[in-house]
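Here's the letter readout for the chains.
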Amino acid sequence: MENFPVINMEKLNGEERGSTMEKIKDACENWGFFELLNHGISHELMDAVERLTKEHYKKCMEQRFKQLMASKGLEGVQAEVHDMDWETTFHLQHLPYSNISEIPDLQDDYRKIMREFAVKLEKLAEELLELLGENLGLEKGYLKKALCGSKGPTFATKVSNYPPCPKPDLIKGLRAHTDAGGIILLFQDDKVSGLQLLKDGHWIDVPPMRHSIVINLGDQLEVITNGRYKSVLHRVIAQTDGNRMSIASFYNPGSDAVIYPAPSLVEKDGDDEEKNHVYPKFVFEDYMKLYAGLKFQAKEPRFEAMRATGGLSPIATA
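The model shown is predicted, which means the values in this text are computed figures rather than measured ones.

1. Re helix α2 (residues 43-71)
Compared with the 42 Å implied by 1.5 Å per residue over 29 residues, the 39 Å span of α2 between its first and last C-alpha is a close match. Along α2, the largest kink reaches about 55 degrees and is centred on M61. In the segment just after α2, G73 is the residue with positive phi, at about 70 degrees.

2. Quick look at helix α3 (residues 108-136)
A rise of 1.5 Å per residue sets the reference length of α3, with its 29 residues, at 42 Å; its end C-alpha atoms lie 42 Å apart and thus fit the reference within 8%. In the segment just after α3, G137 is the residue with positive phi, at about 75 degrees.

3. Structural notes on the pairing of strand β7 (residues 195-199)
A large share of β7 lies buried, amounting to four of its five residues. Pairing analysis gives three bridges linking β7 to strand β10 (residues 234-236), with the strands arranged antiparallel. Paired with L195 across the two strands is V236, which belongs to β10. Alignment of β7 against strand β8 (residues 202-205), held across four bridges, turns out to be antiparallel. The partner of K199 across the bridge, within β8, is H202. In this antiparallel pair of consecutive strands, β7 and β8, the connection spans two residues, and D200 shows a positive phi of 55 degrees.

4. Section: the UniProt feature "domain: Fe2OG dioxygenase" (unreviewed entry) in the protein chain
Residues given the UniProt feature "domain: Fe2OG dioxygenase" (unreviewed entry) here are residues 152-253. As annotated, residues 152-253 comprises 6% helix and 44% strand, and the C-alpha atoms at either end are separated by 8 Å.

5. Looking at the sheet that holds strand β4 (residues 154-162)
Spatial strand order, β1-β2-β9-β6-β11-β4-β3: seven strands in an open sheet with mixed pairing. At either margin of the open sheet sits one strand with a lone partner, and together these are β1 (6-8) and β3 (88-95). In this sheet, adjacent strand axes meet at a mean angle of 25 degrees when their direction is disregarded. Relative to the sheet, helix α1 (residues 17-30) contacts β1, β2 (33-37) and β9 (213-217), its axis offset from that of β1 by approximately 150 degrees. The strands touched by α3 within the sheet are β2, β3, β4, β6 (183-188), β9 and β11 (244-252), with β6 carrying the most contacts at an inclination of about 135 degrees.

6. Quick notes on the layout of surface pockets
Vacant regions in the atomic arrangement are exposed by a probe of water-molecule size rolled over the atoms. One number sums up the size of the largest pocket: a volume of about 810 Å³. Looking at the lining of the largest pocket, the elements that each hand over two or more residues are β3, β4, β5 (174-177), β6, β10, β11 and α8 (284-294). Among the elements that take part in the lining of the largest pocket, β4 stands out by supplying six residues, more than any other. Grouping the amino acids of the lining of the largest pocket by side-chain chemistry returns 18 nonpolar, 16 polar and six charged. When its volume is computed, the second largest pocket comes out at roughly 290 Å³. Lining the second largest pocket we find 16 residues, and of these L198, K199, S231, V232 and L233 sit closest to its centre. Among the residues making up the lining of the second largest pocket, the classes are represented as six nonpolar, four polar and six charged.

7. Observations concerning the sheet that holds β8
Hydrogen bonds between backbone groups are what pair the strands of a sheet, and the pairing can be parallel or antiparallel. If you walk across this open sheet you meet the four strands as β5-β10-β7-β8, and the pairing is antiparallel. Where the open sheet ends on each side, the last strands, each with one partner, are β5 and β8. Between one strand axis and the next, the sheet turns by 25 degrees as a mean value, whatever way the strands run.

Cut-off values and rules
Residues numbered from 1 in each chain as written. Predicted model: local features only at pLDDT ≥ 70, side-chain atom pairs only at ≥ 80, totals over all residues. Heavy atoms only, no water. Helix = DSSP H or I, 4+ residues; strand = E, 2+ residues; numbered from the N terminus. Expected span 1.5 Å × (residues − 1). Bend = angle between axes of the 7 residues up to and from the residue. Buried < 20%, exposed > 50% of the residue type's maximum accessible area, 1.4 Å probe, protein only. Pairing = 2+ DSSP bridges. UniProt positions renumbered as here; feature names shortened; annotations may be inferred. Axes fitted to C-alpha atoms, helices over the stretch in contact; angles between N-to-C directions. Contact = heavy atoms within 4.5 Å. 1 Å grid on protein atoms, 1.4 Å probe; cavity = no way out; pocket = protein on both sides within 12 Å on 5 of 7 lines; lining within 4 Å. Points joined across faces, edges and corners; volume = space filled by probe spheres on them. Nonpolar A, V, L, I, M, F, W, Y, C, P; charged D, E, K, R; others polar.

Given below as C-alpha cells:
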C-alpha cells in the first residue's frame, strides 16, 4: 500500500514548490486526506491546547462518560452496536459568531487558548483553499468565496475524546461517514491511534504524528470541484488502552451559501454529459438538514436527494 501523504509546507517556499503542489493535488484526487508538517502553528500553542484539553477531559468529562456508558449497559454488550459511538464531545463555534464564552466548565485559560488556536486554524484553512484552487486552475479566492454565505463561512471545532473501550470489536469510536462541509483540520493525539480512511476498499490508518495537522475534504468541496476532489469515508476505531484526543475544526460554507460545481471545471469536462450533471445546485443549510439524519450513510443518495428536492442543473443555473 502506498504511503499516506505527508506534506511539508515549508517546501512551498522554495525550489520544491512544484513537486509539493503536485503531492497536494494527488492527495486531494486519490486520498481525500493528507497530513501537514511545518504548517505555521507553533508547537508551543499546540502543546498548550493538548494539555488543557486533556486536563478538561479528566476534570469535567471522564466521570460523566463512564456513568453514561454504564447507564446504557454498553460495557457488557455481546453484539455489534450500530447506533452509538464510544466518544465524548463538546462543540465550539467561531464563525459567524463565537460561543466559547457560553460553554460551561471551561477554565479561562482554556477559553483563551482555544480562541487563539481557532484564529490560526482559520488562517491555515484559507491558505489551503488557495492552494487547492491554484491546483484546479481556479481564479484567486474562488474557493473561499464559494463557501461564503451572506455572513461569511461557518467555522467550528468539535473537541472529542475516545476513552478506553472494553469491546472495540463491537463499538466504534466513531462510525464511518464523510464530512458534510468544506475543509477539515484535525489536531489528533500523537500517541493513541484510531482514525482510519477507506481507500480502494481497504481501511488505512491515518498515522499519528506529533505537531501535525490532518486535513480532509468534505462533501461541499467534492461538489464545487465537480468531483475532481472527493470526500472520503473515515471512522475511528476504539482502543482498549489509552484515551485518544481529537480536535477537529470545520471550515464550512455559510448556512445560506449556494453550492454548485465551479463553471470552469464543468467546462473542462467537455462533452462528458454524465459527469457534467452529477452534482446539483443547492443551499448548504438544506444539505445539512438532510445530513443530520443520514450522516452514517453513503453520500451519493444525499446528492440525489438534493437534486430531487429542487437542486437545479449547474449548467442551466450558474
